[in-house]
Amino acid sequence: MAQDVAVMRERLRQQSGLPRAVRGSLPGVDDALVQASRRIGAAAERLARVRAAQWPGSCTAWWGLCPSCGSTLSAEDGCSWCEECGAGWGYDRSQGPCGEPGVFLAMDAQGGTVVVCGGHGRYMQERLDGGLLLEIPTV
């Protein structure tokens, strides 16, 4: 990372179109680059989770819950945990797609269907009004 910063500084110094003050002294460049790389890394991690949740057979629910206990999640500072069993995740599981393996096919009263994991299936079973929850057979 330090080498990347040095290369960036040298490139900026060599650009004749920049004012001399910018080329000669770039205070805060290190901090700005570190912050930018952290933001890019966090965004890439979130995108990877969204992509993984789109694999065939993954739970398509877009609200988080504990796969074992249900809607008992708490989240703070980008991490989440289950208040019941104590399981924890190094990301905010309450935001974005679930991505757990699908166990049920949930069908609403209008015929719309979604694949959901066991935790979301149990949660939906209590709330489906006129819908159906079918277990997906495993081979």
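For the structure itself, look to the data block above.
Quick caveat: nothing in here was measured; it's all calculated off a predicted structure.

**Comments concerning helix H4 (residues 118-125)**
1) Next: Every buried residue belonging to H4 is among Gly118, Gly119, His120, Gly121 and Met124, and all of these are buried.
2) Next: Against the buried residues of H4 lie strand S4 (104-107), strand S5 (113-116) and strand S6 (132-135).

**Digging into the packing of aromatic side chains**
1) Next: Taken as a whole and judged by the stated rule, the model has one aromatic pair.
2) Next: Considering the side-chain rings of Trp63 and Tyr123, the 5.9 Å spacing of their centres and the 55° angle between planes classify their relative orientation as tilted. Here Trp63 is found in the loop between helix H3 (29-53) and strand S1 (73-76), whereas its partner Tyr123 is found in helix H4, with 60 residues between them in sequence.

**Here's the deal with the pattern of salt bridges**
1) Next: Under the definition given, this model contains one salt bridge.
2) Next: A salt bridge links Arg93 to Glu100; the nearest nitrogen and oxygen atoms lie 3.0 Å apart.
3) Next: Classification of Arg93 as buried rests on a relative accessible area of 6%.
4) Next: By relative accessible area, which is 24% here, Glu100 ends up partly exposed.

Scoring rules and cut-offs
- Residues numbered from 1 in each chain as written.
- Predicted model: local features only at pLDDT ≥ 70, side-chain atom pairs only at ≥ 80, totals over all residues.
- Heavy atoms only, no water.
- Buried < 20%, exposed > 50% of the residue type's maximum accessible area, 1.4 Å probe, protein only.
- Helix = DSSP H or I, 4+ residues; strand = E, 2+ residues; numbered from the N terminus.
- Contact = heavy atoms within 4.5 Å.
- Phe/Tyr/Trp six-rings, centres within 6.5 Å; stacked < 30°, edge-to-face > 60°.
- Salt bridge = Lys/Arg side-chain N within 4 Å of Asp/Glu carboxyl O.

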